[in-house]
Amino acid sequence: MKPSWKDARLAALNALAVLLVATVAACGATPATTTAPQPGPSTATTAGGPYPVSIEHKYGSTTIPAKPQRIVTVGLTDQDAVLGLGEVPVGTTEWFGGFKGAIGPWAEDELAGRPVPTVLTDTGSGPQVEKIAALRPDLILALYSGLSKEQYETLSKFAPVVAPPARYKDYGIPWQVLTETVGRALGRADEARSLVAGVEARFADERAEHPEFADATGLVLTPYEGFFVYGSEDLRTRTLTSLGFKLPADLDKALGDQFGASVSKERTDLLDQDVAVWTVPDVDKDSATLHKDPVYGDLSVVKEGREVFVGEGSAYGSAFSFVSVLSLPYVLDRLVPQLAAAVDGDPATKVAPPAS
């Protein structure tokens, strides 16, 4: 299940652009900052540690009575926050990449020799309830998800379930909020804040090193039904804005306030920004196809070499869409040099793919 060009296909078929369930691929203009949006309220005791702790979400409030020992992640990126905080889930939900245990290469070291989680799948009908129950969870995390109320109520029969927060679209929870919410659930709130601060410091360093990003506009796209553009709440878009880039002023209005939408040929002007970041199945094939398009191929962003292509089948492509506290440093090592080359003002500068 991947919120990418394949997400767009399923979203279109269901006429629910906010429900990202496919090969699974982020509120007004997002400011160029990585200051973490504040997590939802929680309550905690001070005697005997942080438990019980209650976490509010779109379906009410969930109380976690004691430190979880058997965690299942239904949210598609939730495992990275769990791993980053020193725990290993007993079950994870497959998204894309085909990684062992649904753990990307950017997070493998966090296993530290411990057992690899059982991998669950969601083909579009929802979590695998029976398999989740068989794992005997004492906590189910479903933060980066499109969990329905019915699914929430079903899973709650087996363990406390932390559903997505109410104030974001499905699959729209910022990585900072996700990480800090998992931190509270695991009794490691301070460690979670420290993890978030470390990644935000990395973003700040990149903005300081590349002030030209703040003077540039950009967006993230994928070649689904022509040109599928991701809106301001999509997490990949937030990566771009967190580096300092601005979005087109009317982006969300043009997309109908959805996580993303295919734009008509009449609105290809929306694509002609200072940089266009494409996530594509095959970089060579798809870039060639795009450049042959008589409308897109004639835009300045193409003629002046201001495109960045990210291959979905690579570990880099997976990390780019994952947008987690563990994947982001891995992405920045590769994305920032490409962006710098794209907006250096010299059309002759080649935007090279990362070496690995």
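Anyway, here's the lowdown on the structure attached to this text. Being a predicted model, the structure only gives us computed values, none of them experimental. (Residues numbered from 1 in each chain as written. Predicted model: local features only at pLDDT ≥ 70, side-chain atom pairs only at ≥ 80, totals over all residues. Heavy atoms only, no water.)

Comments concerning the overall build of the protein chain
Argument step 1. Helix and strand counts for the protein chain come out as twelve helices and 13 strands.
Argument step 2. When the accessible surface of the protein chain is summed, it comes to about 14,200 Å², and 53% of that surface belongs to carbon and sulfur atoms. (Helix = DSSP H or I, 4+ residues; strand = E, 2+ residues; numbered from the N terminus. Areas by Shrake-Rupley, 256 points an atom, 1.4 Å probe, with all protein chains shown as cover.)

Here's the deal with the pairing of strand E13 (residues 307–311)
Argument step 1. E13 sits mainly inside the fold: five of its five residues count as buried.
Argument step 2. Neither face of E13 is exposed, since Glu307, Phe309 and Gly311 on one face and Val308 and Val310 on the opposite face are all buried.
Argument step 3. Inspection of the sheet shows strand E12 (residues 275–280) paired to E13 by five bridges, in the parallel sense. By the bridge assignment, Val277 is partnered in E13 with Val308. (Buried < 20%, exposed > 50% of the residue type's maximum accessible area, 1.4 Å probe, protein only. Pairing = 2+ DSSP bridges.)

Some words on helix H12 (residues 327–342)
Argument step 1. Counted at 1.5 Å a residue, the expected span for H12 with its 16 residues is 22 Å, and the 22 Å between its end C-alpha atoms agrees.
Argument step 2. Along H12, the largest kink reaches about 35 degrees and is centred on Asp333; proline Pro337 follows within four residues of it.
Argument step 3. Within H12, 13 of the 16 residues are buried, which leaves the element mostly enclosed by the surrounding structure. (Expected span 1.5 Å × (residues − 1). Bend = angle between axes of the 7 residues up to and from the residue.)

A word on the environment of Pro354
Argument step 1. Along the chain, Pro354 turns up in the segment after H12.
Argument step 2. Between the C-alpha atom of Pro354 and that of Arg334, which follows or precedes it by 20 residues, the distance is 5.6 Å.
Argument step 3. Setting aside residues up to four positions removed in sequence, Pro354 forms contacts with Tyr316, Arg334 and Gln338. (Contact = heavy atoms within 4.5 Å.)

Some details on the pattern of salt bridges
Argument step 1. Scanning the model with the defined rule gives eleven salt bridges in all.
Argument step 2. Here Asp269 ties to Arg267 by a salt bridge, and the two come within 3.0 Å at their closest N and O atoms.
Argument step 3. Taking relative accessible area as the criterion, Asp269 reaches 43% and is therefore assigned partly exposed. (Salt bridge = Lys/Arg side-chain N within 4 Å of Asp/Glu carboxyl O.)

Details of the environment of Gln258
Argument step 1. By secondary structure assignment, the location of Gln258 is in the loop between helix H8 (251–255) and strand E11 (260–263).
Argument step 2. For Gln258, a relative accessible area of 29% translates into the label partly exposed.
Argument step 3. In this structure the C-alpha to C-alpha distance between Gln258 and Glu233, which are 25 residues apart in sequence, comes to 8.5 Å.

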